[in-house]
Amino acid sequence: MEHPLDKGLQNALGVYYLLVAVLNFGFAAWWFYAAKKKAPALVWTAVSGVFLIHALLYLAHSGPVLSRSIRDFTTQFMGLYGGQMGPILYVTLSIVGFVLLLYFRRFFVQPNVAWTLLQLSLLAAGWAMTDSEFQKIILKPDNVPIPMLIYSVGFFTWAALYRAVQNDDRIARGEPVLEKLEDEKVLVWPDLVYTELIAMIIATFVLIIWAVLLKAPLEQPATSAKAPNPSKAPWYFLGLQEMLVYYDPWMAGVVLPTMIIIGLIAIPYIDFNRRGNGYFSFAERKFAVSIFMFGFVVLWVTLIVLGTFLRGPNWNFFGPFEYWDPHKVLPLNNVNLSQLFWLNLCHMPLDDFKVRFGDFLGPILRELPGILLVLLYMLALPPLLARTVMRGFFIKMGFVRFIVLVTLMQFMAALPIKMVLRWAINLKYIVAIPEIFFNI
Amino acid sequence: MAATDQTYRNQKTLDIVFAVSCILMLLGTLWMFWQDYDRQFKHIQRQFRDVEEALSEYQMLAALPSQEQVAEARNKVTAAKKEYEAAHNKLLSRERELMAKHDLADFAYRSLKADFDSKTSLYNIAVEHLGKAEEPKRQKELQEEAEKLYKEMSELQDRLIKAQDELDQIKQQINKEVTQPLEGPQQQFNRAEEELKKLTANFDRYAKATVQKRWKWDDIFRSLPILDAFESPTKIKQVWLPELTIDYGGFKDVPRFDRCISCHLGIDRANFDHASLKRLTLSPELARKELEKAEARKKELEGKEGSEEQIKRMEGQIAQLKEEVKRSEGMQKRLDIAREILEARKAAGENLGFDPDKLPTKVNWLKLDKGQIAMYAAHPRLDLFVDANSPHPMEKFGCTICHQGQGSATDFVNAAHTPADAGQEEEWHKEYGWAHNHFWDFPMLSSRFTESSCLKCHHEVTDLIRYGSKTEAPKLLRGYELVREYGCFGCHEIAGIKSGREVGPDLRLEPQPALAYLTPAEQDKAKADPLNPPGTYRKVGPSLRRLAEKTNQDWVRKWIYAPRSFRPDTKMPHFYGLSNNSPDVLHQAAPEQERFPDTEIAGIAYYLLAESKGNLEGKDTTRETLKGVIAKRQQQLVKGPLAEREWKELQDASRRLGELALIAVPAQADEINRLIVLLKQAQEVLQELHKKEANQKDGGLSPGEQEERKQAAQDVETRLKELLAVGQITPLAKRISDEEDKAVELPKPPADAEREKHVSNGRRLFTEKGCLACHSHEGTTKPGLGVAAAPGEANFAPNLSRLAAKIAPEIADEKGMEEAKRRWIVQWLLNPTVYHPRTRMPITHLTPAEAGDVAEWLLSQKVTDWDDKGPNEPTKEDLVALARVYLAKAPGFTRADVEAVLPATGGDLPGIAKERLENLPPDADERKLEGPVTEDKLKWYIGRKAINRLGCFGCHDVPGFETAKPIGTALNDWGKKDPERLAFEDADIFVRTHYHIVPLRNDPNDPKKPAADWHAKDNKPPYEKIYADAVQEHRREGFLHQKLMEPRSFDFDRKLAWEDRLRMPQFRFARTKKRDGESEEAYQARQEFEEAEAREAVMTFILGLVAEPMPLKYLNQPNPDRLAEIKGHQVLDKFNCAGCHQVRPGVYEFKTTPEGLKVLEDSYNTNRSSLKKDHFFPGHSAWEGVAQTAADRLRVFGTQPKVNDTDFERPMLVVRSTDALRFAGTDGVVRNLPAASNVPINLDDLIARADPWGGTFVDLMIQYRKPTEPDADKVRSVAPPPLIREGERVQPNWLYGFLLNPPPIRPTTWMMLRMPKFNMSPEDARALVNYFSSVSRLTNPGAGVRSEYVNVPEREEIYWRTRTAEYVQRLKEQKKYEERVQEMEPIWQDALRRRIAEAEASLPAAEEAVKQAKDADAKKQKQADLDVLKERIKFWKSDRGKEQLRKEWEETGAYATDAYKLLTDRNLCLQCHNVGDVVIASPQGPNLALTAERLRPEWVKEWIANPDRLFGYKPAMPQNFPNDTLQYQDRFVGKTIDQVIAVRDILMDLSRVAAMPGNRSRTALAAGGSK
């Protein structure tokens, strides 16, 4: 029987696995020669062997194919709950993973553990590539930066935590941090300028090669009559686009991005912690590091990945092995809070408000529950926090800085909160006054 | 910490890293440049250079002169040169001497001249000064000086003249002693050089090109990577088309850049044809290999049966290949010779303009595959496209405007090429990684559909028929014809207008009622809107308004169920038994709908019959509804003014009632229109007066106004009644009428004994009277009943084979069914517009008795091979179930309502309650469901809903759907529809599971035949792979193809409610007929094949509908004559004129080869004898051929093409020419082969062939009459005449009248049939008249058809006077004058006697008048009259009377009298024609009295001179006045051409001439019959 994968792909996968095998072999060699530990060296040689077998199989054009049942299962599983299971799972896993990473950072930063995770992801990626739908999405020239983004963000997160854990230990032991050990000043020439020059050249080279190998993907000419489906923002804005699922364009496109920029500008002014400057540390800046990483890694990077790989035509969620069928329709039966409150709870028709209270007061009264809730969230939460869990912050930061910090955090938290509300009670808008394009 | 000297990183390592990164950067940059160098089009351009070189080389070698000839020519040149030099040498010393003398004299002359000029100027200045000087002294001084100067000047002048003379002398001497003696040798030398040049010019030119095209160092250098950015030999070539913008979805119109020529480099070079390019690759080895292959293949075939044809083809191929091998092998030798020749010439010191050393030493065999050859090849139709002199030059049109695709792309895939078939698709995929590019919305049209684009500018479509019958886009035209024929526009709007601009062909339905039935004012109003002018197309199906008189419910049900089962070649499509409603599909997918189709059919049949019956009784639903509304509102109106809404309702209903009357009884249009106006007026008066009364506070209306109102109140009622009465159809049972709408008696059925005679007569009439021009009938295909076979295959109108089963009226009166059947057929034959006012069936002029016989025969053809059961009769439950589906969709009806009205549980059906009814609009269909509901009511309701859903009214006039709008998607711009907006659904799976997918449809060896594997397999019909792929890839053409093939398959596997199912019916376009002896499988395969081709033709048309507004200058805007031709063609098609008449001759284009020319010369020589007899009319296309458009080919127009293989060495196509052919023979002498010659054409030379258009019926009759009349031309003379040259023949006014109401022209006793009267509008008739005159102007400018109005000078006195003077002169010259006078003497006397007698007879009356006159003035007047009369009698009685007659004769009579003798000569015209009252026993031609009104004078002259030349066949009319013999001088003195003209002159003024004194008496004499 003919192999289901075409030869070109098999060759490519063979080369891929070969590279991964060499990588592992190098890692084993490092253990053996540099770290002088035989056990891990042996293990990684064995792993390298596993990849080598993969490589050989694919080069012989008879490599394994991810089983149909696994692929179908993922598709079906993610399609549960009216197609919401996918995003729920994805976001939940990324948040849980994030929390675990921080909590068990000592475990995760061990080279062997991190390397294992890396190898598992490479193996999974290799297997997934045998699926044609997955392949199509990964190999789309537009999407190439994203795997690079995933692995580079992963690496830098690991590197930072690795140093942070080491430094924390050193601080606990009363030793100077690692960065202090290399506190020497260096020369502008050659240490700075020369390396910059080299970096420039290499970057240019990489860009040229990239441009030659992956030609600019030319699609159809722009027309006002027809939008491509899916219509996607440039990859770096896909996180923002994902917010459009949950928020009105006005919020997702204007207010929240503005808050992000303001927040980033505000960081130096809010940050009152004098420790942890100029060196990696987690224990000394638990709050700052966690919040920033949550904002950047979870709410920005993972949403970009979600938007790139898992959002298809009509911005529907598609499992990684699912065909992007433009005809797929998911139930959209989201309701506004006002409807939940007045109609479902109090059995009052919504259209009645305008009739009874006029065009101005009517909508406001109708949306009163939502407005109250939002006001409660925005106005009542900061004092509450100041008195309870964040009492220390309030005392140290003073009123203004505290309020700024809490408000920024509230905006950041607004997205996961809205996600949960959407998934839990199909909430569309908390406040919905389409009459004046004001929806929250 | 302080900075240290220590660097942070190892400097050396950094250096290494830097070095490595620099090297990488360098490599990366080089790679980038390589990428640019490696671009596809650059490769192609580099290779093309080699192709150019090779082709030049090939052409150089083809033009290679023989070495000896060149040597000889060269020797001649040298010899001549030597001779010249020798002669020159002899004179050299003398020449030098003379030249020296000459130069000296010349010098002397010139210096003298300089002095003279100087002196002259000085003198002039002196004179001027003298004139200005005032002092006498000064004057004197100056005077002296001037005189002195003058003297000197004169002296100089003398010397100058002398010097001049001397110089002249010397010049003369030189001329005499040197130049003249050398002249001879000089000329010799020039001639020799010219000769050499002639011999080598082409050769040299190509040799030079070869050298130039070879790659040289600088070319290679310039095309190196990086350097090729500057002035490279390879660069993008493009055409910029700022006006032909690309429309990116309404976003922006972007100028078009077509870069196709960057790769298609030979596209505009005529010599880059496929064959030449192929030859460049055919090296001796390859040629031999191909030959071996062909031979092996032939051997293989020899064993097989039935492959004779293929073997024959193979043999031809092998012979050709053998030649190729020989040619290929000889190439190297030729190259060597070429080099030798050139080297020799170079050595001889000749300046060649290039270095022959640079020629290649070895023949350049290229390696080009099929694709590369196609890429480099020239456009196959340079005469039409690309070439700068063609109608579509590349610079103006570019490429993508026709071909589509992405013109700005520079590589194969991005250009969006589209393969023609699956084979090519596969090839491209392999070779170029080609895949369908869905990012470009308009991929290139595959070669199948290239013709589609013609529609962008050729909106009339028939403008693609270029000259004669030659069609330039046959597939598109066929598609257009099919769309017209099958009436696609009935459901799908095909409007050629977008916001007032023409954007495509306009095929819209005509308004209902048709314009012709409206008042002129309304017609003008309808035509006034430039944005939406009225459509012109009639519905293609028959009217169903009177269906009950024609057939019955049972038949209608069977018919709707499966029309093709009753009539296999019907145009009516299938609505049932399709992929979404056949019983088995429904059984699986929706069991509850399984019985819906049958139920629906029963409903439709019931509705149609019920409504048509209602129509006949004046009680159809629409009429009743409108009547009700009008009556109700009018009652209100009588009492008081109507509210705005009610008034509108009344007006609307009145208008609709009027229209209904016009649709039903258009014959009464005038009366109906009058009544509509009156009714409207009365209504308006009432409304106005009521309003006025309401508005006036005091008093109210004046008594007059009150009276007026009272009158109007009466009027509205009576007018309504009258309108209803006039608009009421008269049933056939009450009255049948003839063509003039006079009632006629239905002939009685023949008695049994007589029966067979009548039936036989009926069949004969059916065969001969032209029915077979449009219809076919199985019954005529075999001889029988004493009538010969006439196997006609016409399908313009329905096949009537099974007519007897269809004509079975539902309503038969007491006279019985048989009578009703005959009645319908007889009425239809006598005047079809009674039954169907918009039919295209003409009035056949049969008598009622004849029509009765035809009916008898038609009804006697019993149908035995059709026993369809038809659909099942629905039960009440079925009806309820389906009615519930529709009722649930009715506005305002809920499920509970449905349950209440039509409970599903069965039992009695309560129906809609009375109260509820009142709330329904007056024309709601649900009104019919008023309780209690019967089955009939349910059927009616279902039928109406179904007709509404299926759109039956797109093709038929269905009662109750007068205002319905077409139901289909508009096709105006379907060709550019976004494929994403097409609902493909699961058609892909349907295609893959329901068809046998075949890679290729056409046999690659013979594309006219199906491929070997094109047949059904496992009961699955064949399906071409390219379309299966197109469906899978969601491409437009895939959708369209499948939509036409199985229109409902897009419902496949979908759960759908009944009313949501697709509705488009399934058409069959090809009408394939089984051939004798064809196996069932072969027939089916052929059927599928022909169907696929026809389908593709329809697709070609539809894909061309893109509604792109083109700039005006790109639209085809023919001149008025051409436009008239184009439009006229459509009308000819509309009425199938070509069914009977031959309209245009065929066109045959062939290459001029010496052999072919020889045969033509022979033909010319054999024709010489006829030329002697001929008269010659210069400029007329029948005598003088036009210049040919291309130098290397000839174009012949002719009829009766026949392959003749007995009279010639090899089979020749012989045509009878209709136009003279001008050609230069092998000797270069230009000859004119006149029309009516047999032109033989070598079949191998034939380039294009388009056979004559029309005359199918005549051909059929020739076949039919063959047993009794073997001479085809004799049959032709009694059949419909050819219309070739009709425009130059007939007068437009006459033709116009004739078309609208044709009287008999030729004796009906002689002719087989008579021109029928078509249901034609004046516009149509005018279009035809214009067509014929325009065609004449275009094809025969020399015929003198200059305007639409005919000038007949022969009716003017001055003309006759001139002619008579000439003639009398001639008589005197010929000494016949006296003789004639003597001859006339008794006639004059007789005339005088008669005149006197007449005058005297009127005397008493005149005298009486004087007496009777009452007053003085009158008396005086009468008296004067009487005096004049008396005076006259006196005058006539005197000698002067006779004298005056003689003078009259001499001034105006002599010519006419003698000419009249010719006309009435028993041996001439009277042999066949009646002339006015002079009648003969059995006339064959038209009465010549018609000529004056009917024919154009020029044509009559040419016709009498030589009838043969002007007709498509040899006419019965003989050449009475051959040019080579002088005859009839006793009748008319003059040359033969004078006699011809004389006869013509008389014919053009016959009534006057015949009444002249001499002629009146002669009439009797001639008619008396003594010779």
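Residues numbered from 1 in each chain as written. Chains lettered and ligands numbered in written order. Predicted model: local features only at pLDDT ≥ 70, side-chain atom pairs only at ≥ 80, totals over all residues. Heavy atoms only, no water.

Within chain A, the secondary structure is distributed over 17 helices and two strands. Principal axes of the C-alpha set define a box for chain A whose edges measure 80 × 65 × 40 Å. Expressed as a percentage of its 440 residues, the buried residues of chain A come to 39%. Summarising the internal contacts of chain A: among those between residues at least 6 apart in sequence, 69% fall at separations of at least 24. In the form shown here, chain A has an accessible surface area of approximately 24800 Å², with 73% of it arising from carbon and sulfur atoms. Across chain A, the mean location of the 34 positive side-chain charges is 6 Å away from that of the 27 negative side-chain charges. (Helix = DSSP H or I, 4+ residues; strand = E, 2+ residues; numbered from the N terminus. Buried < 20%, exposed > 50% of the residue type's maximum accessible area, 1.4 Å probe, protein only. Contact = heavy atoms within 4.5 Å. Areas by Shrake-Rupley, 256 points an atom, 1.4 Å probe, with all protein chains shown as cover. Lys, Arg positive; Asp, Glu negative; His and termini not counted. Charge placed at Lys NZ, Arg CZ, Asp CG, Glu CD.)

We now examine the overall build of chain B. Check the secondary structure of chain B and you find 51 helices and 19 strands. Each principal axis of the C-alpha distribution contributes one length, and for chain B these read about 150 × 130 × 100 Å. Long-range pairs, those at least 24 residues apart, make up 72% of the contacts in chain B with a sequence separation of at least 6. Carbon and sulfur atoms form 52% of the exposed surface of chain B, whose accessible area is close to 77300 Å². For chain B, the distance from the average position of its 238 positive side-chain charges to the average position of its 249 negative side-chain charges is 2 Å.

So, about the domain arrangement of chain A. Assigned domains within chain A: domain 1 (1–65) and domain 2 (337–439). Look at where the C-alpha atoms of domain 1 of chain A and domain 2 of chain A centre, and you get two points 54 Å apart. (Domains from an automatic or database assignment.)

The next subject is unusual backbone geometry. A cis amide bond, omega 0°, links Asn229(A) with the succeeding residue Pro230(A). Cis geometry is found at the peptide bond from Gln512(B) to Pro513(B), where omega equals -5°. In this structure, Pro513(B) sits in the loop between strand 6 (501–502) and helix 14 (520–528). Even without being a glycine, His347(A) presents a positive backbone phi close to 55°.

Residue and element names in this part refer to chain A. Packing of helix 1 (residues 7–34) against helix 6 (residues 111–128) brings their axes to within 11 Å, and their N-to-C directions diverge by 170°. In terms of orientation, helix 1 and helix 6 fall into the roughly antiparallel class. Here Leu13, Tyr16, Tyr17, Val20, Leu23, Asn24, Phe27 and Trp31 of helix 1 come into contact with helix 6, specifically with Pro111, Asn112, Trp115, Gln119, Leu122, Leu123, Ala125, Gly126 and Trp127. Across the contact of helix 1 with helix 6, the residue classes tally to 13 nonpolar, four polar and no charged. (Axes fitted to C-alpha atoms, helices over the stretch in contact; angles between N-to-C directions. Parallel < 35°, antiparallel > 145°, perpendicular 65-115°, else oblique. Nonpolar A, V, L, I, M, F, W, Y, C, P; charged D, E, K, R; others polar.)

All names here are of chain B. Reading across from one edge, 17-14-13-12-18 is the order of the five strands in this open sheet, with antiparallel pairing throughout. Two strands lie at the open edges of the sheet, namely strand 17 (1238–1242) and strand 18 (1246–1250), each paired on one side alone. Neighbour to neighbour, the strand axes of the sheet diverge by 45° on average, direction disregarded. Pairing geometry for strand 14 (residues 1212–1217) and strand 17, over five bridges, is antiparallel. Counted as the bridge partner of Arg1216 is Asn1238 from strand 17. Strands strand 12 (1146–1151), strand 13 (1193–1204), strand 14 and strand 17 of the sheet are contacted by helix 37 (residues 1154–1173), whose axis makes an angle of about 165° with strand 17. (Pairing = 2+ DSSP bridges.)

All names here are of chain A. A contiguous nonpolar patch, built from Ile260, Ile261, Leu264, Ile265, Ile267, Tyr269, Phe292 and Phe296 and spanning about 800 Å² of accessible area, is present on the exposed surface. Only helix 12 (249–270) and helix 13 (286–310) provide two or more residues apiece to the nonpolar patch. With six residues, helix 12 is the largest single contributor of residues to the nonpolar patch. Following the sequence through the fold, Tyr269 ends up in helix 12. Residue class for Tyr269 comes out exposed when judged on its relative accessible area of 60%. (Patch = residues over 30% accessible without salt bridge, like charges linked within 9 Å, V, L, I, M, F, W, Y side chains within 5 Å. Salt bridge = Lys/Arg side-chain N within 4 Å of Asp/Glu carboxyl O.)

On to empty space enclosed by the protein, then. Residues and elements named next belong to chain B. As enumerated under the stated definition, the model contains 10 cavities of 30 Å³ or more in all. Empty space within the largest cavity amounts to approximately 120 Å³. If you go around the largest cavity, the residues you meet are Gln404, Thr418, Phe442, Pro443, Met444, Leu445, Ser446, Phe449, Gly975, Arg1036, Glu1037 and Leu1103. Within the lining of the largest cavity, the residues separate by chemical class into six nonpolar, four polar and two charged. (1 Å grid on protein atoms, 1.4 Å probe; cavity = no way out; pocket = protein on both sides within 12 Å on 5 of 7 lines; lining within 4 Å. Points joined across faces, edges and corners; volume = space filled by probe spheres on them.)

Helix length check: helix 10 (residues 188–213) of chain A (26 residues) gives 36 Å between terminal C-alpha atoms against 38 Å at 1.5 Å per residue, within 8%. Here helix 10 of chain A has its buried residues at Pro190(A), Asp191(A), Tyr194(A), Ile198(A), Ile201(A), Phe205(A), Ile208(A), Ile209(A) and Val212(A). The inward-facing, buried residues of helix 10 of chain A abut helix 1 (11–37) of chain B. (Expected span 1.5 Å × (residues − 1).)

Moving on, we get to the interface of chain B and chain A. Between chain B and chain A, the residue contacts involve 32 residues of the former and 29 residues of the latter. Inspection of the chain B/chain A interface yields zero salt bridges. The interface formed by chain B and chain A holds four residue pairs in polar contact (both at pLDDT 80 or more) in total. Of the residues belonging to the side of chain B that touches chain A, the class tally is 15 nonpolar, 10 polar and seven charged. (Polar contact = N/O pair within 3.5 Å; in protein donor to acceptor, adjacent residues only side chain to side chain.)

Once that is clear, we can look at the pattern of salt bridges. Residue and element names in this part refer to chain A. A full pass over the atoms with the stated rule returns 141 salt bridges over all chains. In this structure, Lys140 and Asp142 form a salt bridge, with 3.4 Å as the shortest nitrogen-oxygen distance. What makes Lys140 partly exposed here is its relative accessible area of 35%. The exposure class assigned to Asp142 is partly exposed, which follows from its relative accessible area of 34%.

Moving on: the nonpolar core. All names here are of chain B. In this structure, Leu608, Ile825, Leu887, Leu902, Leu938, Ile947 and Val958 are the most contacted members of the largest nonpolar core, which totals 99 residues. Looking at this core, the element that brings in the most residues is helix 18 (residues 596–617), giving nine residues. Other than its neighbours up to four places away in sequence, Ile825 contacts Leu803, Ile807, Ala855, Leu858 and Leu859. (Core = buried A, V, L, I, M, F, W, Y, C linked by side-chain atoms within 4.5 Å.)

All names here are of chain B. Where burial is concerned, the two faces of strand 15 (residues 1221–1224) differ: the one with Leu1221 and Phe1223 is buried and the one with Arg1222 and Ala1224 is not. For strand 15 and strand 16 (residues 1230–1233), the ladder comprises four bridges, and the chain directions are antiparallel. In the strand pairing of strand 16, Phe1223 is matched with Arg1231. Here strand 15 folds back onto strand 16, and the loop between the two strands holds five residues, one of which, Gly1228, carries a positive phi near 85°.

Residues and elements named next belong to chain A. If you walk through the whole model with that rule in mind, you get 79 aromatic pairs over all chains. Measuring from ring centre to ring centre gives 6.2 Å for Phe155 and Trp158, while their planes differ by 35°; the resulting arrangement is tilted. Of this pair, Phe155 and Trp158 both sit in helix 8 (residues 145–173), three residues apart, which is roughly one turn of that helix. Accessibility expressed as a relative area gives 47% for Phe155, which makes it partly exposed. The exposure class assigned to Trp158 is partly exposed, which follows from its relative accessible area of 27%. Taken together, a centroid distance of 6.1 Å and an interplanar angle of 15° make the contact between Phe292 and Phe296 stacked. Taken together, the residues span about one helical turn, with Phe292 and Phe296 both in helix 13 at a distance of four residues. Judged by relative accessible area, which is 43%, Phe292 ranks as partly exposed. By the ring-pair criterion, three or more aromatic residues cluster together here, those being Phe27, Trp30, Trp31, Trp44 and Trp115. (Phe/Tyr/Trp six-rings, centres within 6.5 Å; stacked < 30°, edge-to-face > 60°.)

Another aspect to go through is the side chain of Glu1024(B). Residues and elements named next belong to chain B. As for its placement among the helices and strands, Glu1024 is situated in strand 10 (residues 1022–1024). At 3.5 Å, the side chain of Glu1024 and the backbone nitrogen of Arg1001 are in polar contact. Once residues lying within four places of it in the same chain are set aside, the contact partners of Glu1024 are Asp421, Arg448, Val998, Pro999, Leu1000, Arg1001, Trp1014 and Glu1096.

Moving on: the packing of helix 13 (residues 474–486) of chain B against helix 34 (residues 1080–1103) of chain B. Residues and elements named next belong to chain B. Look at helix 13 against helix 34: their axes get within 7 Å of each other, and the N-to-C directions meet at 90°. The angle between helix 13 and helix 34 places the two elements in the roughly perpendicular class. Along the contact surface, helix 13 presents Lys475, Leu476, Arg478, Gly479, Tyr480, Leu482 and Val483, while helix 34 presents Glu1093, Ala1094, Glu1096, Ala1097, Val1098, Thr1100 and Phe1101.

Let us look at the environment of Gly786(B). Its place among the elements puts Gly786(B) in the loop between helix 23 (752–768) and helix 24 (803–806). In this structure, the C-alpha to C-alpha distance between Gly786(B) and Thr418(B), residues 368 residues apart in sequence, is 59 Å.

Residues and elements named next belong to chain B. Inspection of the secondary structure puts Ser446 in the loop between helix 12 (422–432) and helix 13. Exposure remark for Ser446: the relative accessible area of 6% places this residue in the buried category. Ser446 has contacts with Thr418, Pro419 and Ala420, leaving out every residue within four places of it along the chain.

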